[in-house]
Amino acid sequence: YAERKFLFRISTAKVELEESDFTSLPDYMRLIASLEGGMVLTHGNGETAEILPLSTVHRFDGGIPTHCVGKARDLNLMLRKGKADGELRFIEKGEFTALPMPAGQFALVYDIETGDAKLARADEDDSLAFSAEHGCALFTIREI
């Protein structure tokens, strides 16, 4: 992470200050969501986004100055521009999900209740199907 030489990065962190500025990541697109608490992000381009827990996923350029107001436990997906693309979405408890997985695609299922995560990578065209025991976040990442 320190050298900024990754294809993608998934992380969770506590935002403990009422106001803070995000680290600049100019080579990355970012997707952010909240597991607990709300945040309002204001970007240097004038865009504002309210991040509500377990519902909002906000995509933005990691190189744009970003100011955060609000305390939360966030969930992040960082994607190398021009090298990777991806999505983040929430799956409700008991929801059945079937996802086509083209060769080279990654999927990570993050259990919101337990913090457990399972990573899968398709070596050939395949699919991923599961019923969520708890609410979870589903990340899909593909090289481009």
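Quick look at the structure, then. These numbers come from a predicted model, not from an experiment. (Residues numbered from 1 in each chain as written. Predicted model: local features only at pLDDT ≥ 70, side-chain atom pairs only at ≥ 80, totals over all residues. Heavy atoms only, no water.)

**Brief notes about the overall build of the protein**
Argument step 1. Helices and strands together make up the secondary structure of the protein, namely zero helices and 14 strands.
Argument step 2. Shown N-terminal to C-terminal, the secondary structure of the protein runs as helices and strands in the order β-β-β-β-β-β-β-β-β-β-β-β-β-β.
Argument step 3. A compact globule built from 144 residues would reach a C-alpha radius of gyration of about 15 Å, and the protein, at 15 Å, matches this within 12%.
Argument step 4. Taking the principal axes of its C-alpha atoms as reference, the protein extends roughly 40 × 35 × 25 Å. (Helix = DSSP H or I, 4+ residues; strand = E, 2+ residues; numbered from the N terminus. Rg over C-alpha atoms; globule rule 2.2 N^0.38 Å.)

**Examining the pairing of strand β4 (residues 39–43)**
Argument step 1. The alternating pattern of β4 places M39, L41 and H43 on a buried face, while none of V40 and T42, on the opposite face, is buried.
Argument step 2. Direction of pairing for β4 relative to strand β5 (residues 48–51): antiparallel, over a ladder of four bridges. Across the sheet, the residue bridging to M39 is I51, located in β5.
Argument step 3. As consecutive antiparallel partners, β4 and β5 are separated by four residues, and within that stretch G46 has a phi angle of approximately 95°, a positive value. (Buried < 20%, exposed > 50% of the residue type's maximum accessible area, 1.4 Å probe, protein only. Pairing = 2+ DSSP bridges.)

**Describing the sheet that holds strand β11 (residues 106–111)**
Sheet strands line up and pair through hydrogen bonds in the backbone, either parallel or antiparallel.
Argument step 1. In spatial order, the strands read β9-β14-β11-β12; together these four strands make up an open sheet with antiparallel pairing. This sheet does not close on itself; its edge strands, each paired only once, are β9 (84–91) and β12 (117–121). Strand-to-strand twist of the sheet, defined as the mean angle between neighbouring strand axes without regard to direction, takes the value 15°.
Argument step 2. Sheet topology places β9 next to strand β14 (residues 136–143); eight bridges connect them, and they run antiparallel. Looking at the pairing, A84 lines up with E143 of β14. (Axes fitted to C-alpha atoms, helices over the stretch in contact; angles between N-to-C directions.)

**Here's the deal with the packing of aromatic side chains**
Argument step 1. Taken as a whole, this structure holds four aromatic pairs when the rule is applied.
Argument step 2. Ring centres 6.0 Å apart and planes at 20° place the aromatic pair Y1 and F6 in the stacked group.
Argument step 3. Accessibility expressed as a relative area gives 14% for F6, which makes it buried.
Argument step 4. Note on F8 and F106: the rings are 5.1 Å apart at their centroids and 55° apart in plane angle, and the pair reads as tilted. (Phe/Tyr/Trp six-rings, centres within 6.5 Å; stacked < 30°, edge-to-face > 60°.)

**Some details on the environment of K118**
Argument step 1. Looking at where K118 falls in the secondary structure, it is placed in strand β12.
Argument step 2. Here K118 falls in the exposed class, since its relative accessible area comes to 66%.
Argument step 3. Sequence spacing of K118 and G82 is 36 residues, and the spatial spacing of their C-alpha atoms is 26 Å.

**Notes on the sheet that holds strand β6 (residues 57–61)**
Argument step 1. Strand order across the open sheet formed by four strands is β1-β8-β3-β6, with antiparallel pairing between neighbours. Each edge of the sheet is formed by a strand with only one pairing partner; in this case those strands are β1 (8–15) and β6. Averaged over all pairs of adjacent strands, the angle between their axes in this sheet comes to 25°, without regard to strand direction.

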